[in-house]
Amino acid sequence: MIARAPGSDPAQDTPRIGRPEHHAVGVHAVTTAVRMAERQMGAVRGARALLRVNQHDGFDCPGCAWPEEDKVHRAEFCENGAKAVAEEATRRRVTPDFFARHSVAELVGRSGYWLGQQGRLTHPMLLEEGATHYAPVSWGRAYEIIGAELAALASPDEAVFYTSGRTPNEPAFALQLLARRLGTNNLPDCANLCHESTGSALVETLGVGKGSVTLDDIHHADLVIVAGQNPGTNHPRMMAALERAKDNGGRVISVNPLPEAGLERFKNPQRPRGVLGSGTRLTDLFLQIGAGGDLALFRALNGLLLEAEDAAPGTVVDRAFVDEHTLGYEAWAKDARTTDWDDVLAATGLPREQIERAAAMVLESRSVIVCWALGLTQHKHSVPTLREVVNFLLLRGNVGRPGAGVCPVRGHSNVQGDRTMGIFERMPEAFHAALDAEFGFTSPRHHGYDSVNAIRAMRDGKVGVFVGMGGNFVSAAPDTPVTEEAVRRCALTVQISTKLNRSHLVTGRRALILPTLGRSDEDRTEAGPQFVTVEDSMGRVHASRGRLKGEATLRSETAIVSGIARAALGASDDIPWEEFAHDLDRLRERIGRVVPGFEDFNARVRVPGGFSLPHAPRDTRTFPTHTGKANFTVNDMVVPEIPEGRLMLQTLRSHDQYNTTIYGLDDRYRGVHDGRRVVLVNPEDIQRLGLTEGAYTDLVSAWPDGRERRAAHFKLVAYPTARGCAAAYMPEATVLVPLDHTSDVSNTPAYKSVLIRFEPDSGTEAVVVI
Ligand SMILES: Nc1nc2c(c(=O)[nH]1)N[C@H]1C(S)=C(S)[C@@H](COP(=O)(O)OP(=O)(O)OC[C@H]3O[C@@H](n4cnc5c(=O)[nH]c(N)nc54)[C@H](O)[C@@H]3O)O[C@H]1N2
Ligand SMILES: Nc1nc2c(c(=O)[nH]1)N[C@H]1C(S)=C(S)[C@@H](COP(=O)(O)OP(=O)(O)OC[C@H]3O[C@@H](n4cnc5c(=O)[nH]c(N)nc54)[C@H](O)[C@@H]3O)O[C@H]1N2
Ligand SMILES: [Mo]
């Protein structure tokens, strides 16, 4: 059996390399999106779906977590939002007949791209132990099987419930309630693979693991630093917010090993100069940093700010804020003054003048915001890097006042909400206490598994049942073959999904597929039409109403959790699971009594635009940390070491994918077409390493466990990335990321810093995962 890589089919992956673009969006983006919508949905359904995205009475875009603009700017167009909707609202179907025609052995040899293109799942399906094909199963029987497998576990901690961040608040709350009622905190989620480092750093330093700014703050900031993020592809609506900041006289510094088109220039299709003219230049200063150099950069900036303070005391540091609201300043400042410039230059690869220019821009700005995404969160030293970002902001009082603050830009559209609802392996005691009081039981207090620890436990035979609430765990997690072997050791794997993916084919001894309604689908129950709620990256909660007619055989995510819960907990369990499934208002009443900030939830979420969750540092400059103040922290310098003959590889997204979902084979802004198996390398590195531009090569990573990881057959592309760095797409390159290579503290896989070397191409047939 050949198991192909999880992304594109290598035999049909023939990249053509053109020139990278220097602006994002424009009219081309609109036509690309409309064409894709028509292909998947047909013209009428396509138009109906796209007109409902992010409207008051419509559904929340299933794309990213960037917040919506106010009413005036509401009709925002987003190419990748349109693609996400088209992918979900497609008319193509994966029916029981499809599973009768294709064996699991055949399907597991298909690419992730092909699987996704087959359409929406329609019926619950069961793969019996030893069976070659999935067969249809009734909902009732499916629940019975899960209930029996859960009951057979020696301990509830042998069950794992994974959540992907598209799941709305209500089913997320129901799922954590089910897990805790069973007696486990094994609630890993995609945030463990994504922004966990953000949560770890912000909780320790500011007391709240979420961003402290609103859209209005971005619009009115004097300076926005965008570090480790590619908004042109992953958060396209963010470009409109940056454009408004520029309109208001603000400036932008971008920090990235890659010159990303979306940060260079934005052609807003809603504006004449975006359609006919050259658009808006977004970046004023581009710092082309070496991978993992950000800690050194922020240490250097802090050192320069302190120097400026020493030269003109009382003019740089916000002493009043520091004295009243923070702890640890003196010890931190003493250490920051010792920053060694040789280290800074080696770690960042930047000329000193550029860092000095950036520091000057900071000094010229009263209000500063730092935005970041995975380029800062997925390194071994991500948590200290983000703590240093916080030091940088605290120093000048840039937290909790207009136009200033921390802005981690989340990924999945409700990943932040899921966490708020209790999807976390170690919720604080106050949450447990409120849950227990509301539901009359004692929830377990011992910590559960995060995503990486769940894989380790599965690998070690400690997990019997794995339930995936959305997502594609086997392709999203690191170290693909290790993860796949681990998952295969479970007795039962259950996937609650909208679309077919590799996690339906790499399974436990038995497997279930439970097809569910998506964001765009209407959910009508005996209690009438239902809506769900989501929380965006800036802590605003609002309603989302699907309007498209889905297949009658599908169930909502909440209904599925409720069915599993009843089967697992029995008729005598006094939580009204059935009522929750029929009437989400009943569930919201309970959420309102458990989760802080959700009081009177049903009424407040019905107000157009929803409501904002409280955020103490933003609202009142209070910091609910362990010390009761905002904490300065000392973070030792890290100079990433790249031995001779190696490069530091980051695994990232193309413009035509949503995580493991591949929309197409183009990465238009980077000039890559018709293929994904490319590795982007600086031309000087190509020459220095004796490689040949355009040739195919294997990528090999070694790790102290002695296991050599190989990703075969990547086309070498000369690209203006920072020297010493390379880039390739996930999930094709994920096989190179060792399971144990994670961020300190947060345990997030270090997907952005894998040391690789190059070996001769082994050809397409070698592109196997197992
Ligand atoms: N269309 C679309 N939208 C998406 C997604 C998608 O796949 N497709 N995924 C969603 C999800 S779940 C997430 S989490 C977000 C991800 O959003 P991003 O974080 O923008 O995603 P990546 O493609 O991983 O890009 C990482 C960026 O960080 C840069 N980078 C890498 N290493 C470093 C470093 O050491 N320092 C600095 N300063 N920069 C670095 C890379 O060059 C790249 O620009 O997007 C969300 N939105
Ligand atoms: N190498 C590498 N790996 C990475 C990353 C990286 O940068 N590099 N990034 C990591 C990050 S940031 C993340 S967030 C993870 C993403 O990890 P996941 O969230 O696990 O993966 P996705 O690819 O977003 O999941 C796609 C699947 O979700 C299901 N789905 C879609 N919509 C719905 C819905 O409404 N309900 C339900 N129940 N199911 C739905 C569909 O079946 C679809 O196939 O990947 C991580 N993996
Ligand atoms: Mo993510």
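In this text, all values refer to a predicted model and were calculated from it rather than measured experimentally. (Residues numbered from 1 in each chain as written. Chains lettered and ligands numbered in written order. Predicted model: local features only at pLDDT ≥ 70, side-chain atom pairs only at ≥ 80, totals over all residues. Heavy atoms only, no water.)

1. Examining the pattern of salt bridges
All chains considered together, the criterion is met by 63 salt bridges. Glu 535 is the partner of Lys 210 in a salt bridge, and the nearest nitrogen-oxygen pair spans 2.8 Å. Here Lys 210, found in the loop between α9 (196–205) and α10 (215–220), pairs with Glu 535, found in strand β21 (residues 532–535); they are 325 residues apart in sequence, far enough to count as distant. Taking relative accessible area as the criterion, Lys 210 reaches 21% and is therefore assigned partly exposed. (Salt bridge = Lys/Arg side-chain N within 4 Å of Asp/Glu carboxyl O. Helix = DSSP H or I, 4+ residues; strand = E, 2+ residues; numbered from the N terminus. Buried < 20%, exposed > 50% of the residue type's maximum accessible area, 1.4 Å probe, protein only.)

2. A closer look at the site of ligand 2
Neighbouring residues of ligand 2: 30 residues in total, closest Tyr 162, Ser 164, Ala 476, Glu 557 and Thr 660. One of the side-chain N or O atoms of Asn 659 is found 3.0 Å from an oxygen atom in ligand 2. In isolation ligand 2 offers 930 Å² of accessible surface; the protein chains occlude 96% of this area. Its residues assigned to classes, the shell around ligand 2 comprises ten nonpolar, 15 polar and five charged. (Near = heavy atom within 4 Å. Polar contact = N/O pair within 3.5 Å; in protein donor to acceptor, adjacent residues only side chain to side chain. Areas by Shrake-Rupley, 256 points an atom, 1.4 Å probe, with all protein chains shown as cover. Nonpolar A, V, L, I, M, F, W, Y, C, P; charged D, E, K, R; others polar.)

3. As for the sheet that holds strand β22 (residues 540–544)
Whether parallel or antiparallel, the strands of a sheet pair through hydrogen bonds between backbone atoms. An order of β21-β22-β23 is seen for the three strands of this open sheet, with the pairing classed as antiparallel. Each edge of the open sheet is held by one strand with a lone partner, namely β21 and β23 (611–612). (Pairing = 2+ DSSP bridges.)

4. Quick look at helix α2 (residues 43–52)
When α2 is considered as a whole, its buried residues turn out to be Arg 45, Gly 46 and Ala 49. Viewed along the axis of α2, the buried residues span an arc of 100°, placing them on a single side of the element. Those residues of α2 that are exposed and aimed more than 90 degrees away from the buried face are Ala 43, Val 44 and Leu 51. Summarising the contacts, the buried residues of α2 are in contact with α1 (26–41), α3 (79–88) and β3 (93–94). Count one or two residues on from α2 and you reach Asn 54, which has phi positive near 60°. (Arc of directions from axis to C-beta. Contact = heavy atoms within 4.5 Å.)

5. Comments concerning unusual backbone geometry
Met 730 connects to Pro 731 through a cis peptide bond whose omega is -5°. Inspection of the secondary structure assignment puts Pro 731 in the loop between β32 (725–729) and β33 (754–760). The phi angle at Arg 621 is positive, at roughly 55°, despite the residue not being glycine. By the element assignment, Arg 621 lies in the loop between α31 (616–620) and β24 (630–631). Residue Val 745 is not a glycine yet carries a positive backbone phi of 75°.

6. As for the site of ligand 1
In the vicinity of ligand 1, 32 residues are found, and the nearest of them are Asn 256, Glu 260, Gly 292, Asp 294 and Asn 659. Within the backbone of Gly 375, an N or O atom sits 3.5 Å from an oxygen atom of ligand 1. Backbone polar atom of Asn 659 to an oxygen atom of ligand 1: 2.7 Å apart, as the coordinates give it. Surface burial for ligand 1 is 99%, taken as the share of its 930 Å² of free accessible area covered by protein chains.

7. Brief notes about the environment of Ala 457
If you trace the backbone, Ala 457 turns up in helix α24 (residues 451–459). Judged by relative accessible area, Ala 457 falls into the buried class, the value being 4%. For Ala 457 and Ala 486, which are 29 residues apart along the polypeptide, the C-alpha to C-alpha distance reads 8.1 Å. Beyond its immediate stretch of four places on either side in the chain, Ala 457 contacts Tyr 449, Lys 462 and Val 463.

8. Some thoughts on the pairing of strand β31 (residues 708–718)
Across the eleven residues that make up β31, a large majority, eight, are buried. Taken together, the four bridges between strand β29 (residues 678–681) and β31 define a ladder with parallel strand orientation. Pairing of Val 678 across the sheet is with Lys 715, part of β31. The antiparallel hairpin formed by strand β30 (residues 696–702) and β31 contains five residues in its connecting segment, where Gly 706 sits at a positive phi of about 85°.

9. Some remarks on the pairing of β29
Where burial is concerned, the two faces of β29 agree: the one with Val 678 and Leu 680 and the one with Val 679 and Val 681 are both buried. The sheet contact formed by β29 and β32 spans two bridges and is antiparallel. Bridging across to β32, Leu 680 finds its partner in Ala 727.

Just geometry here; none of it tells us what the structure is for.
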